[in-house]
Amino acid sequence: MTQAQAKYLKDYTAPRFTITHLDLSFTLEGKETQVVAKSQVVRLDSTATCLILDGDEMKILSVKINGEDVSYKQGLTNLSIDTQLDEFQLEIVTQLDPEANLSLEGLYMSDGAYCTQCEAEGFRRITYFLDRPDVLAIYTVRIEADKTAFPYLLSNGNPIEKGSLDGDRHFAKWHDPFPKPAYLFALVAGDFDLLEDEFITRSNRAVKLQVFVDKGNLNKAHHAIASLKKSMAWDESRFNLEYDLDIYMIVAVDFFNMGAMENKGLNVFNTKYVLADTSSATDEDYHGIEAVVGHEYFHNWTGNRVTCRDWFQLSLKEGLTVFRDQEFSSDLGSRAVNRIHAIKVIKNQQFAEDSGPMSHPIRPESVIEMNNFYTVTVYNKGAEVIRMLHTLLGEQKFQAGMQLYFQRHDGQAVTCDDFVAAMQDASGVDLVQFKLWYSQSGTPVVTVEEDYDEVNACYRLTIKQTTPESAEQKDKQALHIPFDLELLSGQGESMLSAVIDVKQASQEFIFNDITEKPVPSLLQNFSAPVKLVFDYSIEQLVHLMRFASSEVARWEASVTLVSQSIWDNVANLQLNQAMHVDPRVVDAYRGVLLSPSLDLALVAEIFTLPSVSALIEQAESVELDALGTARDYVAEEIATACEDELVTRYRELAGVDNAAARALKNTCLFLLQKVSDEYQEYAEDQYVQAANMTDSLGALQALNGEASSVRTRLMADYESKWKSTPLVMDKWLTLHATCGDDKCLETLVALTDHESFSYSNPNRVRSLVGAFAAGNLIQFHDIEGKGYDFLTDAIIKLNKVNPQVAARIITPLIQFKKFDSSRQAMMKASLERILGLPDLSKDLYEKVSKALGL
Ligand code: TRP
Ligand code: ZN
């Protein structure tokens, strides 16, 4: 594998040349698209005599320095030019074929429109350039294209000129006054419907807002633009940050590798995170749109104005921006429910990544393919690290740290160390030990023991931490862990609330004047991304579910309680004993359902039992069939015992028009299916009468546990109703992919030929193949290996077409270590099959080789 060379953080060197200005001129002509790039090059290191530019998959038409042709060497992924000059203009003309570009990186086509995706290293497919984030240039862009097919010609910054040309062609010119790295460049040319609005900043500047969507979708752009205005107002009020250009554009495209991209002034979005109306999008979709619009907007300061020195620092912008979007969602909606969602991502996905072959710290030390590091670790654990800083500093000092960070680094490309230094200097809080969170991978295990001394009214906690060694890192040190706890009395009163600093491998904490033995609520609000080990009794958990001040702690207690019950039953099955659920567990659940004061969305969260993947994360090894059986059993027991209350709640909530009520109503409907087939009628009625997609989909999800004639009928109805709306059909594909029916896999194989499916569109691939492998664990781990074959075949098809997506959906196949030996053998055989591909992409090579321990 000569192509698959790792790069190391420790090898970072400053650029020897930089480019201060770039004039780009695009002539968009299908397969013969031309790009003229005029770079103002400055030599930074006077000993450097060879300029080496990055470039990939382009035809070079000419290379000139100060107007004269020069000789150059073209390598596989670079271009070198010898030079003695300190400053010069470099002009390179390249030719590209965007129509043939299915990788969706660089310049490509989505449904007839030209668009670009340059992060992380896509710009080098547009022209030869210093494609690294610490080279920041001022861009001027001219775009020329056919007027009828491409009426809108967009790029970053402000429009400065436009006009007609001969032959029904036209052009537009854009200028972005803010220096930026190449990964933030964007171009879009196409025909769209346009929704416009305006935002007045707090210093009274009018900003034009534009959302471009495929023709016919104008009425689905309102929520996105409303979310954008909320984001702009929130960033002013909470972070003191104002928008800086006169125009902000969002373009929605259906062919997109990820969620969205924060290109300066011209965000490109996956349609999934823009288009919504109540008949076609669920409450969850609405929430996702608000979060992603916010996320990309917040990047304008955390990412664009201050950017990353190198790609190892990705969490500098992503962890921080995820933290910001989480806070935005929490300030606007339910803080507890948003927190629960974030905790689930860490526990169900990030912990798995961190104990698998791709384990890496939030600031990775070595990378083969950068696209493989847009991970739950860098993004979501990265956000947890920022959240811990926020907990340690408090809002005021945290914001002082942010201000200092911008004061010092506006317009620069910096490191995570620079960020922490600003936080430390502004707050006076010592963060030396805390910084280990950036360099140490793996999930710390925090074990707590309690001891109560009645005579002295003294409560003692012994807290120990260890981080297991991970694939790429053996020695682990003790971390600085902010540990949030509450002590509850037998009456359920709060006796003490505190965040303690756990810093040593083993540490004792003594609490005086504790007049009775308390029930401890530990690691409240998931105050650090660690695994907590504490031997909770059923009584204690039931007590926490009722009395913990924190709603998140109540939910956590319910998860622990029900998980314990499921694992007890796994043990029962293995010992050939009858399964059984403790009545106190059922009573606690019933109590939640009857509680008049709890937020309905929280009740829905509690009644959504931990997924199979969440349960797998709690164990060292799993017997999957027993786990599935035990989980079904416990769900059925709880549902059956709460049948009357579930029916009552379901009926009460039927007509209530808000998202929390719908969430609980659909959870009740789902659980009632476990009680009896009679409730299929409820689901059918709900589907037939549904006034919105949340209710339609809720009904179909409730019926998705097994095959039935009702399900078949409604799925067919949905298909005929929505067959020409791809995003809505994605939900249908996912229902098929996550169905509990044994025939699921046969259906999926057939669906790869369905007109609503295509390997070339990532949304379709994720909805069918991705959802199956990540969300239908029982069938994916089919004992004959058919699930693995299905995924592997898809990955092999995608290897050439879209390696980025191929390497994303492989995740469940490389996380095999908890499964039995025969499944592991089949999973490894699948990986060997991929490894044997003659033209294996770097993306897949990196993951497969690590998984196989090569
Ligand atoms: N920076 C983007 C975000 O976090 C995500 C992103 C990175 C991306 N690489 C990408 C999006 C490639 C699309 C394609 O919002
Ligand atoms: Zn981001």
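Position numbers for residues start from 1 in each chain and track the written sequence from start to end. Labels are handed out in written order, letters beginning with A for the chains and numbers beginning with 1 for the ligands. Thresholds applied to this predicted model are a pLDDT of at least 70 for local features of residues and 80 or more for the giving and counting of side-chain atom pairs; totals over whole chains, interfaces and linings are not thresholded and use all residues. With hydrogens and water set aside, each side-chain value is computed from the structure's full complement of heavy atoms.

### Digging into helix α20 (residues 744-751)
Line of reasoning, step 1. Accessibility here uses a 1.4 Å probe with only protein chains present; expressed as a share of the type maximum, an area under 20% marks a residue as buried, one over 50% as exposed, and anything in between as partly exposed. Strands are runs of DSSP state E lasting at least 2 residues, helices are runs of H or I lasting at least 4, and numbering of each runs from the N terminus. All of the buried residues in α20 are C744, L745, L748 and L751. The buried side chains of α20 occupy one side of the element, clustering within an arc of 120° when seen end-on. Across α20 from its buried face, at more than 90 degrees, point the exposed residues E746 and A750.
Line of reasoning, step 2. On its buried face, α20 is in contact with α19 (726-737), α21 (762-775), α22 (777-780) and α23 (786-801). Regarding the arc, it is the one traced by the directions from the helix axis to the C-beta atoms. Here, residues are in contact when the closest pair of their heavy atoms is within 4.5 Å.

### Things to note about the site of ligand 1
Line of reasoning, step 1. Whether a residue is near a molecule or strand is decided by its heavy atoms; if any one of them lies within 4 Å of it, the residue is near. As a matter of local geometry, ligand 1 sits amid 15 residues, with E119, E262, E296, E318 and Y379 nearest to it.
Line of reasoning, step 2. In the model, a nitrogen atom of ligand 1 is placed 3.5 Å from a nitrogen or oxygen of the K317 side chain.
Line of reasoning, step 3. Burial of ligand 1 by the surrounding chains reaches 97%, relative to a free accessible area of 360 Å².
Line of reasoning, step 4. In the scheme used here, Gly and all other residues not listed as nonpolar or charged are polar, with Ala, Val, Leu, Ile, Met, Phe, Trp, Tyr, Cys and Pro taken as nonpolar and Asp, Glu, Lys and Arg as charged. In terms of residue class, the shell around ligand 1 is built from six nonpolar, four polar and five charged. Under the rule applied, a polar contact is a pair of N or O atoms within 3.5 Å (in protein, one hydrogen donor and one hydrogen acceptor; residues adjacent in sequence only if both atoms are side-chain atoms). Per-residue and other accessible areas were derived by the Shrake-Rupley procedure at a 1.4 Å probe size, with only the shown protein chains allowed to occlude residues.

### A look at the UniProt feature "domain: Aminopeptidase N-like N-terminal" (unreviewed entry) in the protein
Line of reasoning, step 1. UniProt positions are given in the numbering used here, feature names are shortened, and annotations may be inferred rather than shown by experiment. Residues annotated in UniProt with the feature "domain: Aminopeptidase N-like N-terminal" (unreviewed entry) correspond here to residues 34-184.
Line of reasoning, step 2. Here residues 34-184 runs as 0% helix and 56% strand, with 20 Å between its end C-alpha atoms.

### Digging into the sheet that holds strand β25 (residues 445-453)
Line of reasoning, step 1. When DSSP finds two or more bridges between two strands, those strands count as paired. Taken in spatial order, the four strands make up an open sheet running β29-β26-β25-β31, and their pairing is mixed. Since the sheet does not close on itself, it has two edges, and those belong to β29 (506-511) and β31 (531-533), each with one partner. Across the sheet, the axes of successive neighbouring strands diverge by a mean angle of 25°, strand direction being ignored.
Line of reasoning, step 2. Here three bridges tie β25 to β31, and the two strands are oriented parallel to one another. With axes taken as lines fitted to C-alpha atoms, and helix axes fitted only over the stretch in contact, angles between N-to-C directions fall between 0 and 180 degrees.

### Points about the UniProt feature "domain: Peptidase M1 alanyl aminopeptidase Ig-like fold" (unreviewed entry) in the protein
Line of reasoning, step 1. Following the UniProt record, the feature "domain: Peptidase M1 alanyl aminopeptidase Ig-like fold" (unreviewed entry) maps to residues 442-533 here.
Line of reasoning, step 2. The straight-line gap between the two end C-alpha atoms of residues 442-533 is 16 Å; of that span, 0% is helix and 51% is strand.

### Some thoughts on the coordination of the zinc ion (ligand 2)
Line of reasoning, step 1. The zinc ion (ligand 2) binds to the protein through H295 (NE2), H299 (NE2), E318 (OE) and E318 (OE); the donor distances cover 1.9 to 2.8 Å.
Line of reasoning, step 2. Listed donor atoms are N, O and S within 2.8 Å of the metal (Na, K and Ca: 3.2 Å). As water is not included, a site may look incomplete. Sequence positions of the residues that donate to the zinc ion (ligand 2) give the spacing H-x3-H-x18-E. With H299 in the loop between α2 (283-298) and β22 (307-308) and E318 in helix α3 (residues 314-332), this pair connects stretches of sequence that are 19 residues apart. By the burial criterion, H299 is buried, and E318 matches it.

### Some details on the pairing of strand β11 (residues 113-117)
Line of reasoning, step 1. Buried residues dominate β11, accounting for five of its five residues.
Line of reasoning, step 2. By the alternation rule, side chains of β11 split into A113, C115 and Q117 and Y114 and T116, which are all buried.
Line of reasoning, step 3. One ladder, built from five bridges, connects strand β10 (residues 106-110) with β11; its direction is antiparallel. Bridge pairing in β11 places M109 opposite Y114.
Line of reasoning, step 4. In textbook terms, the turn of a hairpin is the stretch between consecutive antiparallel strands, and for β10 and β11 this stretch comprises two residues, one of which, D111, has a positive phi near 45°.
Line of reasoning, step 5. In this structure, β11 lies alongside strand β16 (residues 187-190), joined through two bridges in antiparallel fashion. By the bridge assignment for β16, C115 is matched with V188.

### Details of unusual backbone geometry
Most peptide bonds take the trans form, and the phi angle of most residues other than glycine is negative.
Line of reasoning, step 1. For the bond from E119 to A120, the omega torsion is -5°, close enough to zero to count as cis.
Line of reasoning, step 2. Phi at N240 takes a positive value of approximately 65°, unusual for a residue other than glycine.
Line of reasoning, step 3. Looking at the element boundaries, N240 is found in the loop between α1 (222-239) and β19 (247-253).
Line of reasoning, step 4. In the Ramachandran plot, N576 falls in the positive-phi region, its phi being about 60° despite a non-glycine side chain.
Line of reasoning, step 5. For N576, the position within the fold is in the loop between α9 (551-574) and α10 (583-594).

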